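# Descriptive analysis of the structure
So the chains spell out like this:
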Amino acid sequence: MNAVANQLMLFELPDGERKTYRAIRHDVVRTKQANNVRDLHHPDQKINQINFVLQNLNKQKGHQILELFCGQGNLTKIYSDYGHVIACDKKYAKTGDSFLLFHKLIFEKQKFSIIDIDPYGFPNRFFPDLFLLIEDGILFLTMPKPYVNILNGITQTHLISYFGEPNPSEETIIDQIATWGLCHWRMVELIDSIDCDSVWRFAFQIKKVKATDYTGVRNR
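Rules of the game
- Residues numbered from 1 in each chain as written.
- Predicted model: local features only at pLDDT ≥ 70, side-chain atom pairs only at ≥ 80, totals over all residues.
- Heavy atoms only, no water.
- Helix = DSSP H or I, 4+ residues; strand = E, 2+ residues; numbered from the N terminus.
- Expected span 1.5 Å × (residues − 1).
- Buried < 20%, exposed > 50% of the residue type's maximum accessible area, 1.4 Å probe, protein only.
- Arc of directions from axis to C-beta.
- Contact = heavy atoms within 4.5 Å.
- Polar contact = N/O pair within 3.5 Å; in protein donor to acceptor, adjacent residues only side chain to side chain.
- Salt bridge = Lys/Arg side-chain N within 4 Å of Asp/Glu carboxyl O.
- pLDDT = per-residue confidence, 0-100.

With 13 residues, helix H8 (residues 170-182) ought to run about 18 Å at 1.5 Å a step, and its terminal C-alpha atoms sit 19 Å apart, in line with that. Every buried residue of H8 is listed here: Ile 173, Ile 174, Gln 176, Ile 177, Trp 180 and Gly 181. The buried residues of H8 occupy one face: seen down the axis, they fall within an arc of 160 degrees. Residues of H8 that are buried in the fold lie against strand S6 (136-144), helix H7 (153-163), strand S7 (186-196) and strand S8 (199-208).

Set out below in structure tokens:
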């Protein structure tokens, strides 16, 4: 029996409920997330990346910073050293729904020089309109690795609708994010990536470009 088949075997729990190994593992991960376990949230790795990028690759000061799904504020404290932070998390910070705030800020035509999206699930629903909130700056993004998550029919359909395949690779995901940037004429360049076990943590440089300059087409 191969590894995938093993993960799909049903196990009977003490309460009589039957779950696959993947589902049990998923429950354990969610419990650790709720308890802010450091080896799951990887705050040290994320903090090191933030400081590396903002101290070496983008030395601008006085940032306007948007942090969605800020959790218990592990990164908010770091960001406060670099500028003004709007931090949002429905469960822990009690500052509202990150998705609703996202749409509200677009409606208000707000702009930020740093955006951090660190959700428990896939961040795909923020694209491509996320780029309406940033013209010149850095996007930090946490992206779950599809192949280590529970790829049920719902998840697979979700990934197909955004990436064109049910189990996209890291390269496919990065390329698609860059393509989404062009929906609003933003050049998107990956400047740093770290592997955090079950997720990738990306840092992208975002720059607004003129459509005529990018395409080489002149307006008549």
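Glancing now at helix H6 (residues 98-107). Every α-helical turn comprises 3.6 residues, leaving residues that sit three or four positions apart pointing alike. Listed as buried for H6 are Ser 98, Phe 99, Leu 101, Phe 102 and Leu 105. Along H6, the residues classed as buried sweep out an arc of 160 degrees about the axis, all on the same side. Looking at H6, the residues exposed on the side facing more than 90 degrees away from the buried face are Leu 100 and Phe 107. If you follow the buried residues of H6, they end up packed against strand S3 (63-68) and strand S4 (83-88). Capping of H6 at its N-terminal end is provided by Asp 97; its side-chain oxygen lies 2.8 Å from the backbone amide nitrogen of Phe 99. Just downstream of H6 lies Lys 109, where phi reads positive at about 60 degrees.

Before going further, it helps to examine the pattern of salt bridges. Two side chains that carry opposite charge are able to pair once their charged atoms sit near each other. Within this structure, the stated rule accounts for six salt bridges. For Lys 104, the salt bridge goes to Glu 108, with nearest N and O atoms at 2.7 Å. Of the residues examined, Lys 104 reaches a relative accessible area of 45% and is grouped as partly exposed. We classify Glu 108 as partly exposed; its relative accessible area is 35%.

A few words now on the side chain of Arg 201. Checked against the element boundaries, Arg 201 lands in strand S8. Using a relative accessible area of 0% as the deciding quantity, one classes Arg 201 as buried. In terms of polar contacts, Arg 201 uses its side chain to reach the side chain of Thr 142, at 2.8 Å.

Moving on, we come to the confidence of the model for the chain. Counting all residues, the mean pLDDT for the chain is 86, and 80% of those residues have values of 70 or more. Per-residue pLDDT stays below 50 along residues 1-8; that stretch engages in ten contacts with residues further than four places along the chain or on separate chains.

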